[in-house]
Amino acid sequence: MLQEGSIIQNQRIQNYYRFQSMIYDSTRWSFLFGRNLILDRIAKETSPQKILEIGCGTGYNLKNLSKKFPNSKILGLDVSADMIQIAQKKNKNSSNIQLIESPYGTKKINFEGEQPDVILFSYMLTMVNPDFSSMILQAYEDLKPGGYIAVVDFYNSKHSWFRNHMSNHHVRMESHLHPILERKFEVVNSDIFNAYFGVWEYFTFLGKKK
Ligand SMILES: C[S@@+](CC[C@H](N)C(=O)[O-])C[C@H]1O[C@@H](n2cnc3c(N)ncnc32)[C@H](O)[C@@H]1O
């Protein structure tokens with residue numbers, strides 16, 4: 001059962017992506033860095049059979065996951081119907097990709113009863129406020145034992161004007177995700193990178209379910 005705050009938050013995100021979905025792919029390549037790197041990090045560590053991307057958006061990662069892991073089953077879930085529609089068009093020829101329109105945590109998500117080996121959050125968790133912790137805990141529950149959580153997202157910025165700008169786009173940049181990720185998961189690798197000579201930082205995190 002979703003709390004009232006989460007329902008309002010989900011509506012905000014759905015409204016935001018009503019327009020943003022139309023310009024998403026033509027703009028986000030210029031600032032959502034590290035998305036290919038996190039897929040490389042997954043491939044170096046494991047050969048997953050079942051991959052779940054939470055907040056799959058327009059399906060950028062789903063397409064690349066499908067190329068990298070052609071024999072895996074891939075599930076993309078997103079709360080925005082507008083984003084899912086684009087992901088559907090983009091991946092219509094990939095038989096190993098399935099899409100679900102839903103907020104994460106409201107229904108049981110699995111692969112015909114089997115748990116995912118990898119759960120990917122790509123530029124999603126910094127948009128889930130204040131519920132990011134419960135989302136990470138949910139992913140911990142949903143992963144199979146020994147499974148991996150893979151995260152790429154904004155980390156922080158020393159410039160308050162930039163943090164405020166991102167906050168207007170529903171993104172919180174306060175290096176707030178690491179404490180809970182590191183507490184729940186065994187760290188496989190964890191890196192922080194500069195974007196545009198230090199205007200902001202982004203990170204990749206690969207963790208194993210303890
Ligand atoms: C910045 S986009 C990232 C999309 C994609 N992962 C990528 O890397 O291009 C964030 C996505 O998370 C989705 N999202 C936000 N909150 C969600 C929730 N509670 N459950 C499922 N999806 C959610 C949004 O609708 C949006 O498509």
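The structure contained in this document is the topic of the report that follows. All values derive from a computational prediction rather than experimental measurement.

About the criteria used
- Residues numbered from 1 in each chain as written.
- Predicted model: local features only at pLDDT ≥ 70, side-chain atom pairs only at ≥ 80, totals over all residues.
- Heavy atoms only, no water.
- Near = heavy atom within 4 Å.
- Polar contact = N/O pair within 3.5 Å; in protein donor to acceptor, adjacent residues only side chain to side chain.
- Areas by Shrake-Rupley, 256 points an atom, 1.4 Å probe, with all protein chains shown as cover.
- Helix = DSSP H or I, 4+ residues; strand = E, 2+ residues; numbered from the N terminus.
- Nonpolar A, V, L, I, M, F, W, Y, C, P; charged D, E, K, R; others polar.
- Salt bridge = Lys/Arg side-chain N within 4 Å of Asp/Glu carboxyl O.
- Buried < 20%, exposed > 50% of the residue type's maximum accessible area, 1.4 Å probe, protein only.
- Contact = heavy atoms within 4.5 Å.
- Core = buried A, V, L, I, M, F, W, Y, C linked by side-chain atoms within 4.5 Å.

### Topic: the site of the ligand
- Surveying the vicinity of the ligand reveals 23 residues, the closest of which are R35, E53, G55, D78 and S122.
- At 2.7 Å, a backbone N or O of G55 approaches a nitrogen atom of the ligand.
- One of the backbone N or O atoms of V79 is found 3.2 Å from a nitrogen atom in the ligand.
- Protein contact buries 97% of the 600 Å² of open area that the ligand shows by itself.
- Looking at the shell around the ligand, the elements that each hand over two or more residues are α1 (4–28) and β2 (73–78).
- Across the shell around the ligand, the residue classes tally to 13 nonpolar, 7 polar and 3 charged.

### A closer look at the pattern of salt bridges
- What the rule picks out here adds up to 8 salt bridges.
- Across the salt bridge formed by R18 and D82, the nearest N and O atoms sit 3.8 Å from each other. Taken together, the residues span a long stretch of sequence, with R18 in helix α1 and D82 in helix α4 (residues 81–90) at a distance of 64 residues.
- Take R18: its relative accessible area is 46%, and that puts it in the partly exposed class.
- Relative accessible area serves as the criterion here: at 24%, D82 is assigned to the partly exposed category.
- Between R41 and D191 there is a salt bridge, with its nearest N and O atoms 2.7 Å apart. With R41 in helix α2 (residues 35–45) and D191 in strand β6 (residues 185–195), the pair connects residues that are 150 residues apart, well separated along the chain.

### Observations regarding the side chain of D78
- In this fold, D78 is placed in strand β2.
- A distance of 3.3 Å separates the side chain of D78 from the backbone nitrogen of C56, its partner in a polar contact.
- In terms of polar contacts, D78 uses its side chain to reach the backbone amide nitrogen of G57, at 2.8 Å.
- The residues touching D78, leaving out its near neighbours within four places in the chain, are G55, C56, G57, M83, I84, I100, E101 and S102.

### Here we look at the nonpolar core
- In terms of nonpolar packing, the biggest core is built from 34 residues, with Y17, I42, L65, F154, M173 and W200 touching the most fellow members.
- Where this core is concerned, the elements lending two or more residues are α1, α2, α3 (60–68), α4, β4 (118–122), β5 (148–156), α6 (160–167) and β7 (200–209).
- Formed by 27 residues, the second largest nonpolar core is a distinct cluster that contains F111, M124, L143 and I149.

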